[in-house]
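Coordinate inspection notes
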Amino acid sequence: MYGCTCIVFLVPAGSQDVTHYPHPMDMMTQGRRRIWEGTGRQVHRFILAYLLFLALPCTGFLPNFWSRVLTLSWDSQTHQYITEQAILNVTMETLRDIKKHQENHVENQTRLGRGFWRAVGEVVKSNAAMDFLSSTRADPVYHFDSEHVDSAIVMLRQFWAKTLLSVRAKQYQSARHSLGQLFHSLQDFYSHSNWVEMGKQFIYLHLLQPEEPAIPVANGNTPTCMECFSITCRGNLLPRLTETQQDSQLLTTGYFSTFPKKPQGKCSHGGILDSSRYMGAKGGINKDSTSPIFSPHHFLHVEAATLATEATLSVLRDLRDTVGHNTFLRLFSVKQVPALVFVMDTTGSMFEEITAARLRVHSIIQSRTRSTEHPGTFLLVPFHDPGFGPVFETDDPDQFMTFMENLMALGGGDEPEMCFSAVQLALTHSPPLSEIFVFTDASPKDAHLFDAVKALALEKQSKVTFLLTEDPNSSKESRGRRKRRRRRMSRELLSPDRFSLYSSLSYLSGGLTIFTTNSDIHKVSAIVEDNTAADKVTLLHVESDQELMSSHSFRVDNSVKNITLHVTGSLTECILTSPSDQIQSLLREQRPLAELQHFEGLYRITLLSPIQPGLWKLQAKSDGHLTFNVIGDSSLDFLYYFATVTNETHPGLARMEGSPVAGVAAFLVLAVIGVAPDEEMSFSHVMLLGADGENIQQVKLNSSSSSSLFSVEELVGWVESVPRVPFSVRLLGQDRKGNKLERVSTEMIHPTHVQIQVLSVPCLVPGHSTMVDFDVLNHGPARLFSLTGDDDYGYFQKKGHHRFHVAEQGSFHGQVALHTPATAQAGATVTLTLTVRAHDSPDLNYAVSYLTVVPPDADTSPPSCSAAQVLSTCPDICSQSNWSMSLVVSDRGRSGLAALQLKKGEGILTLFQNPPPSEDGTGEAKPGSDQQQADKNKTTSGGHQHHHHKARLEKGEPTLNLSEWALGSSQPLWVRYTSSCCSAQAEFLIWDTAGNMRRCHLTSGQQRQQRDVSTDISSAGQKTLTGVLFLFFGLLFCVL
């Protein structure tokens, strides 16, 4: 087990109150300054309390921003900082490449969208989890510790393979998860090895490019370090471990703690939290931070972080080049408008509803096609009884309209339908932060799926809105068309509570439940357009059951435009008051403040321009249930999560999965997004709100300035005790003029006294069963729990009753099994939802995991490009000649060639399906003459199927799809590159259909050679190790 060390910082008794403390919360820029405001006594208590958590070990770059506070290394670069910076930089590069001109850099960052920052957060979360999960935090292979370099390289390439497989299957959440894992291990290499100490100023290409030169690893009997008796260990590596000559270098990494046991003379990880530092050789070599207390080689932290950043950038650029610019942007949800997701009841009574949805889709598509942005994702899931699905998903608006046009209302029978099964499909296939609209008039037949659907909605922060053309209180056939309803049963036999689960789901997720009529459904469906426009923010979301007049308020700032209020239920009175105390009775007057549209079940209220900034009030009276929702257009919004200080191997904030634990202390971490650099805004606190909008608890935040070039601000608040009742989060702040700002989260958080954590997420192999480990933590008295599981593919195997007893404040470890059929498609992502519920109380919690199906015998061999002929070399005066090179391109695996792109070089790349005619060796073949012939894409000979095909590429042109251009992509292709000698270098990329990529480098001074002239990025581990080792680690380390 890891050693335990306690660090106590004493505060002088005579210390005065301190009003400002430096604070390293720079999420997106290292130079950002942050201030913690408060009294000295509060600050001292705060620092003392959390430094006590440093009685724990540390490995790797520090996980996240809070680690800097815990280790007092304010200027350290963390996994979070390195990852966020790299993703942002490559995203901006990609946008500039697409637009072909430099746009406003700051505007681009401000408008990247809420989905982008959520996607970045998923990568960061997966990265940090490697330091927190019990299955990964102490394993040296995940962190390049204890000289497990070869094993770590195999695992690293497995992460690349999984990432690429998921991206190509459009399973972006799964891809972000494995990408975060890859980044963590890759970044750790530069901090934990002697790479920097060897004087290396470039990244170690062999980690992901097997045919690049490899440096041998010191064997177990080779000493690597000398004794070091101070906290700073300069020169403690043995001379050969700092050798700069390539042929005599050796790699080593530090040993950590007591497992595996450190051989005599080996280097330790080092630092005050590493117990192995006392074993010979004493000291350590880690460069995790700038603090000598934690990092003996702290003086090389900047160099290690710089190389880790460059390696992260390199992976992202290779990924972008492999999958394409547009797919790369989709991976990170860059500037994505909300997905349009419909779940449609298609039984015979739903003709009007389907027609309304069809017309609404047409209107939305027309609006989006007028925009210059991507029209977004469209998704349709039909259901009836007993069937549901399939999922119709597309990015093509015309294709989606075809889906809608072909949707027919047919059949029907008994009243319940398979609604939750369809909603589950919609949630698993739609991106996070989606708005899902369910059209039905029937109650759910699959109510047992409610917990799984709720978990998915909360995990993805997606809203579910129900549009019900049925009155739950109706007891007889009272409407004309109801006479022809599909049900034969009497209306008296149907419970008025049969739609309660719909109301519960919409309430929890932040959506609405609207009871309307066939005649009004088209008008009511306008809510779809209101909610799926880009940059929608929520200013108010509350429910009310008061019989008396209820009063609610919402605040409007200058950044908010186009404000719409939705009220569901039946109003008897509604009064709107502006910040200047101007009053309008909305049910009696149409002006001056707003216009009201009333449809059955919905009031749609639009504020009229000019909209006054300030506090607006809404008073309403009803004899039933009301829901109020106020939205507007603004880029300013926030994301949040709850976290606790880790108490295991790494100091930092570990995110709480599922619902937070009631009654315990926790951190609330917020990312404020969309702040332009010329808008100075500060955020002082959040208010936790009850179901009726009442204030429950105030949480103070660190004050910050948004004057940096980056449009994200990360804030942290200390929640002394998580409320025991459901609540939402309201963020409060002010702009530079002192005007108040407010934003509201719509989902309702249900605190609980039980947690469930999935410990590992293995890959799924067709034809095999897989076990998933989990822990249940009971924060209440001893009691009985039950576990339910579900997935969207039906792979989950229920064994036994999944009931177990957990002691007071105790835990339970268990496993569930999934069987993957032999026909499962590689790249598919299976969404597994586990729900744990107490038998004697409403306590429950959930965990959602994404498991990727991987092929059992993946093609891991990249294509090859071999020099066939060098036709010329260049003289001293480059403008007087040209150079040319011929190569043979082939796929060494089973997949066949897929694509080729000229990445660098000013010349012309010509492809042939057959060996081209020989050119003379004079070096005078000019690009111009080659270009004239290249204008003919194809020449034929005698009408045979076998032709001389020829294609031409220049830099900047789109990737050539070889599987379409060539008759047989498994056959070799011939490539000739011709360029002026003034452009002496070129590079082209070649992919196979499995996603393996090779970079082929050409230079004018190259001589004839028959070996490969490139490096590659493969989709998995290559033949550096034996096939047995590769297969073993392929199954063992495809986990989280």
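What counts and how
Residues numbered from 1 in each chain as written. Predicted model: local features only at pLDDT ≥ 70, side-chain atom pairs only at ≥ 80, totals over all residues. Heavy atoms only, no water. Disulfide = S-S within 2.5 Å. Helix = DSSP H or I, 4+ residues; strand = E, 2+ residues; numbered from the N terminus. Buried < 20%, exposed > 50% of the residue type's maximum accessible area, 1.4 Å probe, protein only. Salt bridge = Lys/Arg side-chain N within 4 Å of Asp/Glu carboxyl O. Phe/Tyr/Trp six-rings, centres within 6.5 Å; stacked < 30°, edge-to-face > 60°.

Concerning the state of the cysteines
Taken as a whole and assessed by the stated rule, the structure comprises four disulfides. Each sulfur of the disulfide joining Cys 225 and Cys 267 lies 2.0 Å from the other. Residues Cys 225 and Cys 267 are joined by a disulfide whose S-S torsion is about 95 degrees; by sign, that bridge is right-handed. Taken as a pair, Cys 225 in the loop between α7 (172-192) and α8 (301-323) and Cys 267 in the loop between α7 and α8 lie far apart in primary sequence, 42 residues in all. An identical accessibility class is assigned to Cys 225 and Cys 267; each is buried.

A few points about the pattern of salt bridges
Per the stated rule, a full pass over the model turns up 30 salt bridges. A salt bridge links Asp 321 to Lys 903; the nearest nitrogen and oxygen atoms lie 2.7 Å apart. Note that Asp 321 is positioned in helix α8 and Lys 903 in strand β37 (residues 897-904), a separation of 582 residues in sequence. Assessed through its relative accessible area of 23%, Lys 903 is described here as partly exposed. Each of Glu 93, Glu 310, Arg 317, Asp 318, Arg 320, Asp 321, Lys 903, Glu 987 and Arg 999 takes part in a single network of salt bridges with overlapping partners.

Re unusual backbone geometry
Cis geometry marks the peptide bond from Gly 280 to Ala 281; its omega dihedral reads 0 degrees. Mapped onto the fold, Ala 281 is located in the loop between α7 and α8. With an omega of 0 degrees, the peptide bond running from Gly 389 to Pro 390 counts as cis. Although it is not a glycine, Lys 170 adopts a positive phi angle of roughly 60 degrees. By the element assignment, Lys 170 lies in the loop between α6 (149-168) and α7. Here the phi dihedral of Asp 535 falls at roughly 60 degrees; this positive angle occurs in a residue that is not glycine. Turning to its location among the elements, Asp 535 is positioned in the loop between α16 (526-532) and β9 (536-544). Exposure remark for Asp 535: the relative accessible area of 29% places this residue in the partly exposed category.

A few points about the packing of aromatic side chains
Taken as a whole and judged by the stated rule, the model has 28 aromatic pairs. Judged by centre distance (5.5 Å) and plane angle (70 degrees), the rings of Phe 342 and Phe 439 are edge-to-face. Of this pair, Phe 342 sits in strand β3 (residues 340-345) while Phe 439 sits in strand β6 (residues 435-440), and the two are 97 residues apart along the sequence. Comparing Phe 342 with Phe 439 shows no difference in burial state: the two are buried. Seen from their ring centres, Phe 392 and Phe 403 are 4.6 Å apart, and the 45 degrees between their planes marks the pair as tilted. Here the residue Phe 392 occupies a position in strand β5 (residues 392-394), and Phe 403 occupies one in helix α11 (residues 397-405), the gap between them amounting to eleven residues. Judged by relative accessible area, Phe 392 falls into the partly exposed class, the value being 27%.

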